[in-house]
Structures are given as structure tokens and as C-alpha cells.
Amino acid sequence: NKYTLDADGMRQVIERLQQVVAAFPGSLLITPSRRTGEGNLVMLRDAFAGHPRVFVHDMQGDNPYPGILALSDH
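Residues numbered from 1 in each chain as written. Predicted model: local features only at pLDDT ≥ 70, side-chain atom pairs only at ≥ 80, totals over all residues. Heavy atoms only, no water.

## Structural notes on the pattern of salt bridges
Taken as a whole and judged by the stated rule, the model has 2 salt bridges. Across the salt bridge formed by D8 and R11, the nearest N and O atoms sit 2.6 Å from each other. Note that D8 and R11 are positioned in helix α1 (residues 7–23) at a spacing of 3 residues, about one turn of the helix. R11 sits in the partly exposed class, given a relative accessible area of 45%. The salt bridge involving R45 is made with E38; its shortest N-O contact spans 3.8 Å. According to the relative accessible area criterion, R45 is partly exposed, its value standing at 28%. (Salt bridge = Lys/Arg side-chain N within 4 Å of Asp/Glu carboxyl O. Helix = DSSP H or I, 4+ residues; strand = E, 2+ residues; numbered from the N terminus. Buried < 20%, exposed > 50% of the residue type's maximum accessible area, 1.4 Å probe, protein only.)

So, in C-alpha cells, the structure goes:
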């Protein structure tokens, strides 16, 4: 694995995503990968828990990535 997303890196990702969702209308659809890591997933879910415009895929069922791309504006 060439890159590792540690807790500090995940905090930076979350901070930037929070800035994006605050600055723009619409929804933020997040589909993590299996490589994201459980600790990072917990941080991500906790950061956006209850946010009405943010959906974090629960990693169950089919991967929504193709559908997200098809429906995305940005």
C-alpha cells in the first residue's frame, strides 16, 4: 500500500468535506472504500451523523458509486 490514511489525514479530509457542504447547496454522497479502514469510517460517520444533506454509504449491499456518478452535478 503506497499511501496510508491515518487519523490526522482523515481529520483533514473531514474538515474539507465540512467546508464543501457548508459552502455549496445540494447533498454530499460519500462512498468509502474497503481500504478506508474502520477507524476512519467511524470518524467519518460521527462527523456527519444526523446531517440532513450528507449520506455516508454503510458499505452494505451493492456499491452505489456508479449511480452516484450518474446523478452527480460535481
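## Here we look at the nonpolar core
Among the nonpolar cores identified, the biggest contains 9 residues, and these are M10, I14, V21, L28, I30, L44, F48, V54 and V56. Of all elements in the fold, only α1, β1 (28–30), α2 (38–48) and β2 (54–56) reach the threshold of two or more residues within this core. In terms of residue count, α1 provides more of this core than any other element does, 3 residues in total. Setting aside chain neighbours within four positions, we find I30 in contact with L17, L44, F48, V54, F55, V56 and H57. (Core = buried A, V, L, I, M, F, W, Y, C linked by side-chain atoms within 4.5 Å. Contact = heavy atoms within 4.5 Å.)

## Regarding the side chain of H57
With respect to the helices, strands and loops of the structure, H57 is situated in the loop between β2 and α3 (65–71). Apart from the residues within four sequence positions on either side, H57 is in contact with I30, T31, P32, R45, D62, N63 and P64.

## Notes on the environment of Y65
Among the structural elements, Y65 can be located in helix α3. Among the residues examined, Y65 registers a relative accessible area of 44% and is labelled partly exposed.

## Observations regarding unusual backbone geometry
The phi angle at M59 is positive, at roughly 65 degrees, despite the residue not being glycine. Mapped onto the elements of the fold, M59 is located in the loop between β2 and α3. Residue M59 is classed as partly exposed on the basis of its relative accessible area, which comes to 29%.

## Side note on the environment of G26
Structurally, G26 is set in the loop between α1 and β1. Its relative accessible area of 38% is what places G26 among the partly exposed residues.

Function-wise, these values are silent; they only describe arrangement.
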